[in-house]
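Structural description and commentary
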Amino acid sequence: MIRRMGLMLALCALAVFPAQSAMAQYMDDWGYTPIFNKANLDGWQMQWPGLWTVEKGAITGKQDPATGADSWLFTEAEWDDFALILEFKTTPNCNSGVGIRMPKDQEGRPSQYGYEIQISDVDEEYPSGSIFRHFSATQKLHQNDWNRMDIICVKDHIVVYLNSQKVTDTRMQNSFKGRIGLQVHGTEAFKDQVVQFRNIRIKDLKPQFETAQPCPIPFEVKQIDSLNSEGLAIADINRDGKLDITCGPNWYEAPDWKPHALRECILSGEFMNNYGEVAMDVNQDGWPDIVSGGWFIPKMAWYENPGPQGFDQLWTEHEITNDMHGTEGILACDVDQDGRTDILANLYNTEIPVHYYAFVGLDKNPTGFEKRIIGHEGRGHGTGYGDVDGDGLGDVLTPEGWYKCPANPINGTWEFTQYYPKADHSSIPFVVEDFNLDGLPDFLWGHAHHFGMQWMEQTLDSAGRPGWLYHSIDGTYSQVHCPILVDLDGDGTKDILAGKRYRGHAGADPGANEPLCIFWYKVKRGPDPQFTKHIISYDENIGTGMNFQVVDIDNDGDLDIVTPGKTGLYLFTNKTR
């Protein structure tokens, strides 16, 4: 169940503005390159007469009163697979457009030879964000101020976001490469119209997928549900010998994935409050229960499996805590080394200490859990669990350092050691592994809200003091929120599975609207570790959510992938066997 909580110039036809030094632009830390220098029209060509100027850092267009006809301003350069970001502003009752993939040296309208992304507050059939003559935008979001437009093109796939909301998602087979264009519309109706464009920047997307090899493991993809829950768990919910899936408000019964009600989930904007799920038998009755919570609510609870008599009713909720303000996610791990699963909490609220909820049982605590403080240092977005110092005990990693597990994890002091550089806005989890085979555990982490995945090499100086060296693995995509260490191909060595979470900050993250992806990195360990990238999924609207899972869900001897997210719940069935 889901609940909702200048200088004016009259330009001649085919005028050319030479690409001079002012067009030599820098690439920003998102990987985007400006294609307008905010000073002049270097690097742009005009098709058909119009009045084009640069005013206050914006390209400004008006009709040429001598002709009253359409005018286009095109880039000299061409692009094929790209992400384009720009801002536009128009006078009321407007009609303009952004041309894409307009073939070089072709005269005419992009709507005929390439594509025109419509800008109009008067066209009922093709409002702003539509592909004119091809696809109507799903929402009318044009505003009488500056508007932001994102256009993403990969092969035949064209996606448009207007003011941070997706309005167009379709596939087109007409043109695959060409110039970017800006339009001043002709006709008497728009003779007084003024259109402006600024902050125009573009990114070549090919490095995201051309750096990857095809995956040698065959997968069959199935969408189980379209709900936007980002956490899941795998367990045999009905004890019939088959692994089922829980995801937000429902659990899905294998093998046909019939949905059954499980719990009420609160919607906060585009987020369903589910930062992750853990399956564990809290009341020790033999039936797996679910532990979960949400970002915008302070409560974490466990949900009691009702057994066969209540599989189609909401499960009873039992509160564990109501003080998890600013929680980013949870991990299941045995923090206190007692052989039972605990819940390691991660909070982006840096005023709350690093802590976990130890599973002690309902006989010792009415919630079944006991909150235990690890320390007050290193707080922030990101956490992990693994043996950092090689003593056989699991340590706790944070964005700024790690806590050494004491001999007595319950009553002992967790000693904090800072590392540099810090792992800012890091993933959940960190992955601890000796990648270079030097006997010192290293760790891997993803930028959960920026670009990149990297590993940190542990070193020792002459006095035996540990240090860390940063190594980039892949900086081509963003929001690497939950990398996994797993032997996906069954060769006896564990590799990395990682991908992109969709709109982790509602579109505000760098690269948020770029294509979703899941990659498998085959790891060759040694003095110079190699991470060979393979495509599991790219530009298929499938990401990783908060805690995707890898498990042999069909019990055929190979590993399958189950992934949640705002674009739905998906199963990748491994067809090796």
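Starting afresh in each chain, residues are numbered from 1 along the sequence in its written order. Thresholds applied to this predicted model are a pLDDT of at least 70 for local features of residues and 80 or more for the giving and counting of side-chain atom pairs; totals over whole chains, interfaces and linings are not thresholded and use all residues. For the side-chain quantities, the full set of heavy atoms in the structure was used; hydrogens and water were omitted.

Brief notes about the overall build of the protein chain
The criterion, for reference: Here a strand is any run of E in DSSP of at least two residues, a helix any run of H or I of at least four, and the numbering for each starts at the N terminus. Note that the radius of gyration is over C-alpha atoms, with the globule rule given as 2.2 Å times the number of residues to the power 0.38. The buried label applies to any residue whose accessible area, calculated with a 1.4 Å probe on protein chains only, is under 20% of its type's maximum; exposed applies above 50%, and partly exposed to all values in between.
Along the backbone of the protein chain there are two helices and 46 strands. By the compact-globule yardstick of 25 Å for 577 residues, the protein chain fits well, its C-alpha radius of gyration being 27 Å. With the principal axes as the frame, the protein chain shows a C-alpha extent of 85 × 65 × 50 Å. Here the protein chain holds 577 residues, and 59% of them are scored as buried.

A look at the confidence of the model for the protein chain
Here is the rule: Values of pLDDT, ranging from 0 to 100, describe the predictor's confidence in every residue of the model. We call two residues contacting when some pair of their heavy atoms lies within 4.5 Å.
When the pLDDT values of the protein chain are averaged, the result is 94; 95% of them are 70 or greater. A low-confidence stretch, residues 3–24 stays under pLDDT 50, and its non-local contacts, those more than four residues away or across chains, total 61 contacts.

With respect to the pattern of salt bridges
The criterion, for reference: Salt bridge, as applied in this entry: a Lys or Arg side-chain nitrogen positioned within 4 Å of an Asp or Glu carboxyl oxygen.
Evaluated as defined, the whole model comprises 30 salt bridges. Between Glu-317 and Lys-299 there is a salt bridge, with the nearest N and O atoms lying 2.7 Å from each other. With Glu-317 in strand S27 (residues 316–321) and Lys-299 in the loop between strand S25 (289–293) and strand S26 (300–304), this pair connects stretches of sequence that are 18 residues apart. Overall, the relative accessible area of 23% leaves Lys-299 in the partly exposed class.

A short note on unusual backbone geometry
Of note, the amide linkage connecting Ala-254 to Pro-255 takes the cis form, showing an omega dihedral of 5 degrees. By secondary structure assignment, the location of Pro-255 is in the loop between strand S20 (250–253) and strand S21 (258–261). Residue Pro-429 is bonded to the preceding Ile-428 through a cis peptide linkage, with omega at 20 degrees. Inspection of the secondary structure puts Pro-429 in the loop between strand S35 (415–418) and strand S36 (431–433). Phi is positive for Ala-506, close to 60 degrees, though the residue is something other than glycine. Examined against the element boundaries, Ala-506 turns out to sit in the loop between strand S41 (495–499) and strand S42 (517–524). On the basis of relative accessibility, which here comes to 29%, the residue Ala-506 falls in the partly exposed class.

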